[in-house]
Amino acid sequence: MTLRVLVTNDDGIAAPGIQALARAAVDRGLDVVVAAPLEEASGTSASMSAVESEGHVVVNDHPLPELPGVPAFGVGGSPGFIALIAVHGAFGPPPSVVLSGINRGANAGRAVLHSGTVGAAFTAAANGCRAMAVSLDVLSAGEATAASGGAAVAAAARVRDAERHWATAALVALDLLPRLTAGPVESVLNVNAPDLPPARLRGVRRGSLASFGQVQMTVAESGHGYVRTSLEEPGQSVQPGTDLALLAEGYASVTAIRAVTEVTDIDLSGLGAPVGSGG
């Protein structure tokens with residue numbers, strides 16, 4: 001039976017990364033459907049936002065030029081919302097796997113919590129569908145910080161998209177697919193690849209989550225009625241063996257992660273006493 005795959009992202013249906021990932025899935029003989037936000041939805045985590053018109057969520061046919069015959073849709077919703085409605089049959093038969101990406105920029109460290117790319121994968125996994133988040137490390141920390149300074153800089157970075165090695169991340173992701181399908185459904189594989197041609201990739205390694213992302217948000221200024229934020233480099237050395245360290249060394253990194261799990265190391269015993277009794 002052919003594996004059915006939903007390819008989504010948070011960069012938008014027109015982003016080059018999603019076409020590369022869908023192409024790689026089609027080339028492996030998978031049954032592919034593409035559905036992604038009409039507009040960029042980066043940083044939305046697993047939010048359930050959607051745009052409605054006359055009581056209906058906006059869903060537009062959006063054929064991909066390089067993938068004739070592959071159904072593709074632009075959706076007025078967040079990546080998490082798209083993953084959720086996909087597993088309930090919004091775009092045809094529910095997928096067995098969700099591939100989210102290829103994101104423009106690494107999703108590494110604990111900052112994955114905020115990623116729309118990872119949020120779509122978390123949502124799929126929480127609803128019984130195996131999922132993988134895939135990202136390409138196209139910006140250094142310094143470049144990402146500079147890009148936060150204005151739309152013109154960010155736009156200039158996107159002009160270079162044609163030069164990026166999307167195929168490297170796509171190949172790594174599809175090679176990891178058997179490991180994903182063999183693992184527990186509630187786990188997500190978070191994959192990051194350096195922006196290198198396949199021949200220069202040093203390999204694929206398991207990376208632990210760094211304790212920070214490539215950049216961190218800080219409050220640059222606050223006053224009456226306003227707050228101004230900015231991005232800055234963490235100022236900490238990268239820990240060996242983490243996803244960020246492996247990317248810097250020319251390896252692709254894969255990390256198995258879970259979104260919401262119950263913990264048992266907090267003492268919640270003796271909760272039978274009435275509220276306010278101090279027991």
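Residues numbered from 1 in each chain as written. Predicted model: local features only at pLDDT ≥ 70, side-chain atom pairs only at ≥ 80, totals over all residues. Heavy atoms only, no water.

### Focus on the packing of aromatic side chains
Considering all chains together, one arrives at 1 aromatic pair under this definition. Relative to Phe-91, the ring of Phe-73 lies with its centre 5.4 Å away and its plane at 25°, an arrangement referred to as stacked. With a gap of 18 residues between them, Phe-73 in strand E6 (residues 72–75) and Phe-91 in the loop between helix H2 (79–87) and strand E7 (97–104) connect regions that are remote in the sequence. Pair check on accessibility: Phe-73 and Phe-91 agree, each one buried. For Arg-205, the ring lying beneath its charged end belongs to Tyr-251, and the centroid distance is 4.1 Å. (Phe/Tyr/Trp six-rings, centres within 6.5 Å; stacked < 30°, edge-to-face > 60°. Helix = DSSP H or I, 4+ residues; strand = E, 2+ residues; numbered from the N terminus. Buried < 20%, exposed > 50% of the residue type's maximum accessible area, 1.4 Å probe, protein only. Lys NZ or Arg CZ within 6 Å of the ring centre and 35° of its normal.)

### Thoughts on the pattern of salt bridges
Any two side chains of opposite charge can pair, given that their charged atoms come close. Considering all chains together, one arrives at 6 salt bridges under this definition. The shortest N-O distance in the salt bridge between Arg-164 and Asp-195 comes to 3.4 Å. Note that Arg-164 is positioned in the loop between helix H5 (151–159) and helix H6 (166–182) and Asp-195 in the loop between strand E9 (188–194) and strand E10 (204–206), a separation of 31 residues in sequence. You can call Arg-164 buried: its relative accessible area is 14%. (Salt bridge = Lys/Arg side-chain N within 4 Å of Asp/Glu carboxyl O.)

### Observations regarding the pairing of strand E1 (residues 4–8)
Here is the key point about a regular strand: its side chains alternate between the two faces of the sheet. Extensive coverage of E1 is indicated by the burial of 5 of its 5 residues. Going residue by residue along E1, you find Arg-4, Leu-6 and Thr-8 tucked away on one face and Val-5 and Val-7 tucked away on the opposite face as well. Across 4 bridges, E1 lies against strand E2 (residues 31–37) in parallel orientation. For Val-5, the partnering residue across the bridge sits in E2 and is Val-32. In this fold, the crossover linking E1 to E2 by way of helix H1 (residues 16–27) has right-handed handedness. Here 4 bridges tie E1 to E7, and the two strands are oriented parallel to one another. Residue pairing for E7: Leu-6 is matched across the bridge by Val-98. (Pairing = 2+ DSSP bridges. Right-handed = clockwise from strand over helix to strand, strands pointing away.)

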